[in-house]
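Geometric and topological summary
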Amino acid sequence: MKLKDPFLWLRALWDHGRVPRGTRAQLEARQLRKFRCLVAHVQEHSPYYRAIIADRGIDPATCVPTDFPVLTKQDVARHFDDIVTDRRITRARIIDFLAQSSDGGNLFDGKYHVMNTSGSSGELGCFVFSHEAWISAASLGVRVAPLRWRQRVAYVGVAHGHSGGVNLAQSGNQGANRLFYNIRTYDVLQPMDEVIDDLNAFQPRVVTAYANMLKTLAEFQEQGRLRIRPQRIASGAEALLPDARAYVERVFQMPVTNLYASTEHLYMGITLPGSDGMHLMEDDLIFELNEDHTCVTNLFNDAMPLIRYRMSDVLTPDRGPRQDRYPFTKVTALVGRQEHNLVFINQHGGEDFIHPAVIAEMLVPGLKAWQVVLESLEAFRFRACFEHGITEQRRQAVCDQVSDILRHVLDGKDMRNVRFEIECVDSLPADPQTGKFRLVLKTPHDASKAV
């Protein structure tokens with residue numbers, strides 16, 4: 001990918017280097033300036049926000065985020081074409097682009113980064129970033145892996161498609177970042193033996209991976225099969241539970257940096273040096289913390305502005321005395337969905353797993369939502385929910401395509417022995433106990449409770 005300006009990365013890195021050294025008052029003043037510039041921008045270029053500004057009599061020169069209504073994921077899906085600020089961007093074109101492109105490095109219309117997620121509702125969410133906005137957000141990765149000359153970084157996760165994690169990782173190999181990083185990605189689709197062998201050969205200085213994957217790597221390290229000596233370890237994409245964290249830190253003899261990121265806003269929180277909690281990355285995000293949800297106003301995404309975007313994540317602020325120098329809000333806990341890996345016995349008789357994020361990358365037109373029910377160590381059921389109004393013939397075509405994708409995933413993990421069936425359902429209700437949608441159910445008993 002050619003960059004219009006080779007210094008965009010350096011400018012973003014410099015900007016993010018200054019913010020943590022400022023005061024809280026300076027940070028909030030910066031946020032407000034950026035917010036009002038964003039409102040002036042959306043008033044001119046976004047029909048959705050132009051109508052809200054007119055209906056509510058909002059003055060871009062004096063407004064604050066709470067002048068705007070809360071924006072839900074359903075609102076984004078329903079009003080996508082009017083929210084975006086470039087009239088050439090449409091949800092239909094984005095979905096068609098995602099269906100044809102499996103490389104996150106491909107830019108929509110040659111200028112926009114596109115991310116997708118299944119989200120807590122299990123439905124496809126599409127998010128678009130201008131190249132400049134992407135650089136501004138992705139450069140926050142310097143707080144995970146400080147600048148060093150060509151330092152080796154290993155990312156272990158979904159290494160294909162348009163998910164946020166792999167694209168954030170691969171951004172370290174773009175532009176001026178190539179001076180500082182040598183990033184290698186490892187796909188969780190690969191058999192673990194291959195991942196372990198390559199990590200031993202690469203000897204990364206920094207390792208970033210899903211929480212469950214980090215625990216697996218620690219197990220291999222303790223067994224002596226993995227032999228690496230990283231100087232920094234970061235966990236992201238899912239909650240790192242206390243016992244798993246303690247185990248990883250004991251095995252690798254270093255603290256784990258906890259990352260909080262999303263497809264919608266990219267980096268959102270990081271464990272900063274000298275702190276035992278997580279700080280919210282408020283350089284270009286404004287957080288509203290509520291008891292059962294969080295609203296986030298995105299200040300950097302000029303292509304797809306999200307003002308007071310509602311997320312189901314619950315962030316618990318740290319009310320204790322401040323013992324660090326950072327101006328950012330510190331949180332003590334992040335409550336998110338802890339999905340189960342799909343653990344199976346492979347064709348060689350060994351235990352391996354498929355991370356649910358791998359299947360979340362599956363984009364099949366006509367498939368509205370999905371859920372996996374683990375029946376045994378060699379069988380599972382894929383529950384498919386279809387778009388409204390599609391024909392029976394189209395349903396069968398969707399099932400055939402899903403079957404081909406699942407078989408490809410299993411073959412790639414040496415799991416040709418694992419059986420599955422596709423179950424067509426009308427809806428996928430949330431868990432009655434948590435109110436949240438679960439992508440993976442561990443047992444048929446769980447499945448019966450969720451319907």
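What this report covers is the structure whose coordinates are included nearby. Treat the numbers as computed from the prediction; the structure is a model and nothing was measured.

Some remarks on unusual backbone geometry
- Here the phi dihedral of Asp109 falls at roughly 55 degrees; this positive angle occurs in a residue that is not glycine.
- Secondary-structure assignment places Asp109 in the loop between α5 (91-100) and β1 (112-117).
- Overall, the relative accessible area of 39% leaves Asp109 in the partly exposed class.
- Positioned with a positive phi, Leu266 is a non-glycine residue whose angle comes to about 60 degrees.

Thoughts on the pattern of salt bridges
- A complete count under the given rule lists 20 salt bridges for this structure.
- Residue Arg250 pairs with Glu222 through a salt bridge whose shortest N-O separation is 3.1 Å. Within this pair, whereas Arg250 is found in helix α10 (residues 242-252), its partner Glu222 is found in helix α9 (residues 211-223), the two being separated by 28 residues in sequence.
- Here Asp352 and Lys413 are joined by a salt bridge, their closest N and O atoms 3.3 Å apart. Of this pair, Asp352 sits in strand β16 (residues 351-354) while Lys413 is found in the loop between α12 (392-412) and β19 (419-425), placing the two residues 61 residues apart along the sequence. In this structure, Asp352 and Lys413 share a single accessibility class: buried.
- Within the structure, one salt-bridge network assembled from shared partners comprises Glu375, Arg381, Arg383 and Glu423.

Observations regarding the pairing of strand β17 (residues 367-376)
- When you tally the buried positions in β17, you get seven out of 10 residues, the bulk of the element.
- Where β17 and strand β18 (residues 379-386) come together, eight bridges link them in antiparallel fashion. Each residue of the ladder has a partner; that of Ser376, found in β18, is Ala379.
- Of the pairings in the sheet, the one linking β17 to strand β20 (residues 440-441) comprises two bridges and is parallel in character. The partner of Val373 across the bridge, within β20, is Leu441.

Rules of the game
Residues numbered from 1 in each chain as written. Predicted model: local features only at pLDDT ≥ 70, side-chain atom pairs only at ≥ 80, totals over all residues. Heavy atoms only, no water. Helix = DSSP H or I, 4+ residues; strand = E, 2+ residues; numbered from the N terminus. Buried < 20%, exposed > 50% of the residue type's maximum accessible area, 1.4 Å probe, protein only. Salt bridge = Lys/Arg side-chain N within 4 Å of Asp/Glu carboxyl O. Pairing = 2+ DSSP bridges.

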